[in-house]
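# Observations on the model geometry
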Amino acid sequence: MNHGAPIQTLEIYGFDLHFNMSNILMTTIAATIVFLIAVLATRTLALRPTGMQNFMEWLVDFAKGIISSTMDYKTGGRFLALALTLLMYVFVSNMLGLPFAIIVGEEHNLWWKSPTADPVITLSLAAMVVALTHYYGIKLKGVKEYGKDFFKPMSFLFPLKIIEEFANTLTLGLRLYGNIFAGEILLGLLAGLAVTGYETGILSGVLGTLAAFIPMLVWQAFSIFVGTIQAFIFTMLTMVYMAHKVSHDH
């Protein structure tokens, strides 16, 4: 799947700023879907939850479980909204590119895709998460106490602690990107093989249709599983990194 990205260039004070319009579109769509799910699920609350409210309460309990497994919930409870938002946003973003792709223009610009299939998006999310861990670490511990953590258990490990922060950002972002991008590439290859098979006459009839689409359906089901797991892993690692910064026993 070698498709270009729709780039919009904007010149400001002599500097050219390049905007990937597909990323802007897809991140906006993902955020809108998450917002609508949250609003619809909490619009009419009842003591005996049903339907969407029941689903949302299950998600909240799941996010609480992730936090409780990484730190004391008395400390980690303040991060419930962050964990829930990341869980929903990353999951929805992972799913967007599975049903179909929209390719526009002679340059084959790919407009509709999973935003998490782009390293710019995933690394931006990872950088935001790491920045938040530092912010809350300083907020809850104070600058002096937080700074001492970089010299524990031995002061000569300080350079390694700095390298670790960059490594955490890269691994958190690239892990998510690699899994989602690979899934979309393989789906594109399977679709391309199916089209080529029909055009060349290799695939025809009912058996040919099954031979073309069954592998795609199987891989889509597997991609849903991978996308779900990656949303869980991203949220879990976020809470792990947060626990290392805000908990006094780490």
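Residues numbered from 1 in each chain as written. Predicted model: local features only at pLDDT ≥ 70, side-chain atom pairs only at ≥ 80, totals over all residues. Heavy atoms only, no water.

This paragraph deals with the pattern of salt bridges. Scanning the model with the defined rule gives 5 salt bridges in all. A salt bridge links D118 to K113, with the shortest nitrogen-to-oxygen separation between them at 3.4 Å. Neither D118 nor K113 differs from the other in exposure class; each is buried. Linked by salt bridges that have partners in common, K141, E145, D149 and K152 make up one network. (Salt bridge = Lys/Arg side-chain N within 4 Å of Asp/Glu carboxyl O. Buried < 20%, exposed > 50% of the residue type's maximum accessible area, 1.4 Å probe, protein only.)

So, on to helix 2 (residues 51–68). With 18 residues, helix 2 should reach 26 Å at 1.5 Å per residue; the first-to-last C-alpha distance of 26 Å fits that figure. By the burial criterion, the buried members of helix 2 are Q53, M56, L59, A63, I66 and I67. Burial along helix 2 is one-sided: seen end-on, the buried residues are contained in an arc of 140°. (Helix = DSSP H or I, 4+ residues; strand = E, 2+ residues; numbered from the N terminus. Expected span 1.5 Å × (residues − 1). Arc of directions from axis to C-beta.)

On to the packing of helix 1 (residues 21–42) against helix 4 (residues 80–96), then. Viewed as axis vectors pointing N to C, helix 1 and helix 4 meet at an angle of 125°, and their least axial separation amounts to 9 Å. The angle between the axes of helix 1 and helix 4 places the two elements in the oblique class. Judged by the sense of rotation from one axis to the other, the crossing of helix 1 with helix 4 is right-handed. Facing helix 1, whose interface residues are M26, T27, I29, A30, A31, I33, V34 and I37, helix 4 presents M88, Y89, V92, S93 and L96. By residue class, the composition of the contact of helix 1 with helix 4 is 11 nonpolar, 2 polar and no charged. (Axes fitted to C-alpha atoms, helices over the stretch in contact; angles between N-to-C directions. Parallel < 35°, antiparallel > 145°, perpendicular 65-115°, else oblique. Left-handed = near helix turned anticlockwise from the far one by under 90°. Contact = heavy atoms within 4.5 Å. Nonpolar A, V, L, I, M, F, W, Y, C, P; charged D, E, K, R; others polar.)

In this section: the packing of aromatic side chains. Following the criterion strictly, the structure yields 10 aromatic pairs and no others. For the ring pair Y135 and Y136, a centre distance of 5.1 Å and an interplane angle of 75° mean the geometry is edge-to-face. For Y135, a relative accessible area of 46% translates into the label partly exposed. Each ring, one from F150 and one from F158, has its centre 6.5 Å from the other, and the planes form 70°; the classification is edge-to-face. We classify F150 as buried; its relative accessible area is 13%. One aromatic cluster in this structure is built from F55, W58, F62 and F232. (Phe/Tyr/Trp six-rings, centres within 6.5 Å; stacked < 30°, edge-to-face > 60°.)

Right, let's get into the nonpolar core. Among the nonpolar cores identified, the biggest contains 38 residues, and M71, L172, F234 and M239 are the most heavily contacted of them. Residue assignment for this core shows that the elements contributing at least two residues are helix 1, helix 2, helix 4, helix 5 (119–141), helix 7 (158–200) and helix 8 (205–246). It is helix 4 that contributes the most residues to this core, 11 residues altogether. Residues contacting L172, with those up to four places away along its chain left out, are A126, V129, F234, L237, T238 and Y241. (Core = buried A, V, L, I, M, F, W, Y, C linked by side-chain atoms within 4.5 Å.)

As a further point, take the confidence of the model for the protein chain. Residues at a pLDDT of 70 or more form 77% of the protein chain, whose mean pLDDT is 82. When pLDDT is averaged over each element of the protein chain, helix 4 comes out on top at 94 and strand 3 (residues 102–104) at the bottom at 57. (pLDDT = per-residue confidence, 0-100.)

This paragraph deals with helix 1. For helix 1, built from 22 residues, the straight-helix expectation of 32 Å at 1.5 Å per residue is met to within 8% by its first-to-last C-alpha distance of 32 Å. When helix 1 is considered as a whole, its buried residues turn out to be S22, N23, M26, T27, A30, V34 and A41. With its buried residues spanning 125° around the axis, helix 1 presents them on a single face.

So, on to the environment of S247. Mapped onto the secondary structure, S247 falls in the segment after helix 8. Sequence separation between S247 and G137 is 110 residues; the distance between their C-alpha atoms is 8.3 Å.

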